Amino acid sequence: MHAKEKNNTRFVVVSGGVISGVGKGVTTASIGKMFKEYGFKTTLIKIDPYINYDAGTLRPTEHGEVWVTEDGGEIDQDLGTYERFIDADIPRLNNITTGQIYKTVIDRERNGEYLGQTVQFIPHIIDEVAERIKKAAEGYEIAVVEIGGTVGDYENAPFLYALKFLERDLGARSFAHVLVTYLPVPNHIGEMKTKPTQQAIRLLSEHGVVPDFIVCRSESALDSVRHKKIVECAHINPDNIISAPNAHSVYEIPLMFQEQRFGEKLLSHFDLSPLKNADWSDWQERVHHIVSPQKVVRIGMIGKYIDSGNYSLTDSYLSVCHALMHAGAECKVGVEVVWIDAKKFEQEPDSIAMLNTCDAVVVPGGFGSQGIEGKISAISYVRANNIPFLGLCYGFQLAVVEYARSVCGISDAHTIEVDADTLNPVITVLPLQKDLLNASAYGGTMRLGGYAATLKEGSVVATLYDRGNRLDRTNMTVWERHRHRYEVNPFYVSLLEKAGLVFSGFNEREDGTQLMEFLELQEHAFFVATQAHPEFKSRFARPNPLFIGLVQAARERQQQASIVYNAQLYKASMVAQL
Ligand code: GLN
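Residues numbered from 1 in each chain as written. Predicted model: local features only at pLDDT ≥ 70, side-chain atom pairs only at ≥ 80, totals over all residues. Heavy atoms only, no water.

**A word on the domain arrangement of the protein chain**
Move 1: According to the domain assignment, the protein chain consists of domain 1 (17-279) and domain 2 (292-428 + 486-577).
Move 2: One C-alpha centre belongs to domain 1, the other to domain 2; they are set 35 Å apart. (Domains from an automatic or database assignment.)

**Looking at the pairing of strand 15 (residues 424-428)**
Move 1: Along strand 15, 5 of the 5 residues are buried, which leaves the element largely enclosed by surrounding structure.
Move 2: Examined bridge by bridge, strand 14 (residues 413-415) and strand 15 share 3 bridges and lie parallel to one another. Note that in strand 15 the partner of T415 across the bridge is I427.
Move 3: As judged from the 2 bridges shared by strand 15 and strand 18 (residues 487-488), these two strands associate in the antiparallel manner. (Buried < 20%, exposed > 50% of the residue type's maximum accessible area, 1.4 Å probe, protein only. Helix = DSSP H or I, 4+ residues; strand = E, 2+ residues; numbered from the N terminus. Pairing = 2+ DSSP bridges.)

**Structural notes on the pattern of salt bridges**
Side-chain pairs of opposite charge can arise whenever the charged atoms involved come near each other.
Move 1: Considering all chains together, one arrives at 41 salt bridges under this definition.
Move 2: Of the charged contacts in the structure, one is a salt bridge between E83 and R539, with a shortest N-O distance of 2.8 Å. On the criterion of sequence distance, the pair formed by E83 in helix 3 (residues 78-86) and R539 in the loop between strand 21 (527-530) and helix 20 (545-561) is long-range, its members being 456 residues apart.
Move 3: By relative accessible area, E83 is classed as buried at 0%.
Move 4: You can call R539 buried: its relative accessible area is 3%.
Move 5: Between D87 and R539 there is a salt bridge, with the nearest N and O atoms lying 2.9 Å from each other. Of this pair, D87 sits in the loop between helix 3 and strand 5 (95-97) while R539 sits in the loop between strand 21 and helix 20, and the two are 452 residues apart along the sequence.
Move 6: What emerges from the salt-bridge pattern is a single network uniting E70, E83, D87, D89, R481, K537, R539 and R542. (Salt bridge = Lys/Arg side-chain N within 4 Å of Asp/Glu carboxyl O.)

**Here we look at the sheet that holds strand 20 (residues 514-520)**
Move 1: Strand order in the open sheet formed by 9 strands is 11-10-12-13-21-20-19-16-17, and the pairing between neighbours is mixed. The sheet is open, and its two borders are formed by strand 11 (334-341) and strand 17 (477-484), each paired with just one other strand. Strand-to-strand, the axes of this sheet are offset by a mean angle of 30°, without reference to chain direction.
Move 2: As paired elements, strand 10 (residues 296-303) and strand 11 share 8 bridges and run parallel to each other. By the bridge assignment for strand 11, V297 is matched with V335. (Axes fitted to C-alpha atoms, helices over the stretch in contact; angles between N-to-C directions.)

**Points about the site of the ligand**
Move 1: Lining the immediate surroundings of the ligand are G365, G366, F367, C393, Y394, Q397, E417, R483, H484, R485, Y486 and H533.
Move 2: Contact between the ligand and Q397: an oxygen atom at 3.1 Å from a side-chain N or O atom of the residue.
Move 3: Here H533 contributes a side-chain N or O atom positioned 3.0 Å from a nitrogen atom of the ligand.
Move 4: Computed on the free molecule, the ligand has an accessible area of 300 Å², of which 99% lies beneath the protein chains in the complex.
Move 5: For the shell around the ligand, the secondary structure elements donating two or more residues are helix 16 (394-406) and strand 17.
Move 6: Taken together, the residues of the shell around the ligand sort by class into 4 nonpolar, 5 polar and 3 charged. (Near = heavy atom within 4 Å. Polar contact = N/O pair within 3.5 Å; in protein donor to acceptor, adjacent residues only side chain to side chain. Areas by Shrake-Rupley, 256 points an atom, 1.4 Å probe, with all protein chains shown as cover. Nonpolar A, V, L, I, M, F, W, Y, C, P; charged D, E, K, R; others polar.)

Spelled out as structure tokens, the structure:
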């Protein structure tokens, strides 16, 4: 441990009480957004107390989608929430797990770096946690640190301890502690209960932390009786209890906080004044289009994880849902996601006609062979019936397979991920990837993180990116994030192109190989797919251009078909999604 250091960063530490999953991530992101809006250089850090090194090997149905950072990290999806709110790339080093801490310390011990010392929880583990937090916060005026899990878990105790240590090191005036808690209303009592919150406050105090702010999550707003009870229990300034009742959209939360002057209160806690006037008008307008849309488009999502129930499924495609929602707000329409199990089209081929009731269809990313023929049938159907389509990663690869089979007449065309022995592997493992597969463990064989693509002048894709101010016009490049192992086989590219498939963007590898990144069809309402995951670069106030293109096409299709929407149903589905 070190002597007191000079520090210019203010830390907001967000921990959770009572139960997990009540919106700590959104609270953290909203706090970050408020500071950004006041002009502060802000970053957000997520601590995950699990032993996994990162989220790369976590099952999406259990932990939600794996988020990919620009620098290729496979991370907990909370970092996605952060990016969507504060519109900044957050690097992998901002996700700290117990696994990383212990691995680093043990590796160091094996290398003899501790010179014979007994390596212990205090100081070695604590030092490593503190160093990582400081490194992620370096150069920022504000760092909001979210501690995963719930206060009282064995797992997050080391992190609370390390933050307390940092606080002593850097000075208490640089720290604000926010406790996000939950106030249940048990059905049989019909009254909002504060007891679990009182216990969470006590548990936190056992770590030497007295919350400066308490965010009270609940179904409805906090009333004065509950407010008073919490004030008395926490010895907290009554103004610093923030009510956070359920909202229709997570993007309402910063506005809800602002109404209670949460941002200003945090600033005055740190003795700071705004560096610029906050302007929430654009954010407010976008929220309005999500919460009270005049029109709603129906987007069919052809998924795979449906077996685990709707909630897991929506979480597995969380970023895609948000990207659609962002695009909807931009196009001034609500988006209703219709969950469709790809396997249904395999078991009941006639049911495919239900795609006609969708204004557009998304085939998102995925792995393995489950539901693949169903997805291919869906792509065939939307291609032939002029239904707007966006294919993401696996969706892009399957669009290539479908085109090769249906249009080029290569009936056994496939991806080797599903059929390793196909004579026509239109989607394959390229030599470089093959070496990695042979040589290394599973995680190391993917193309991960941001890659540039050179776009074809005049293509649908280039036009969309240009309009969205994301195209570098000097060299016609755009950047998107990747997470996949297979690629379009270069051997088939010219054949597919001759048959009318337009590859509208490619990435050039060091060895000169061109990796196909985008495809599109002319003479179609909207048929676009990408090897990348553009959903990882869609921000609430700056949606991704491909999703805007899809939603615009969906709106046009709906105008032609004049489909009537049911506002009640839409709101219900929206709550379920979030
Ligand atoms: N399974 C495919 C691959 O690994 C696609 C991955 C994805 O959709 N993220 O290449």
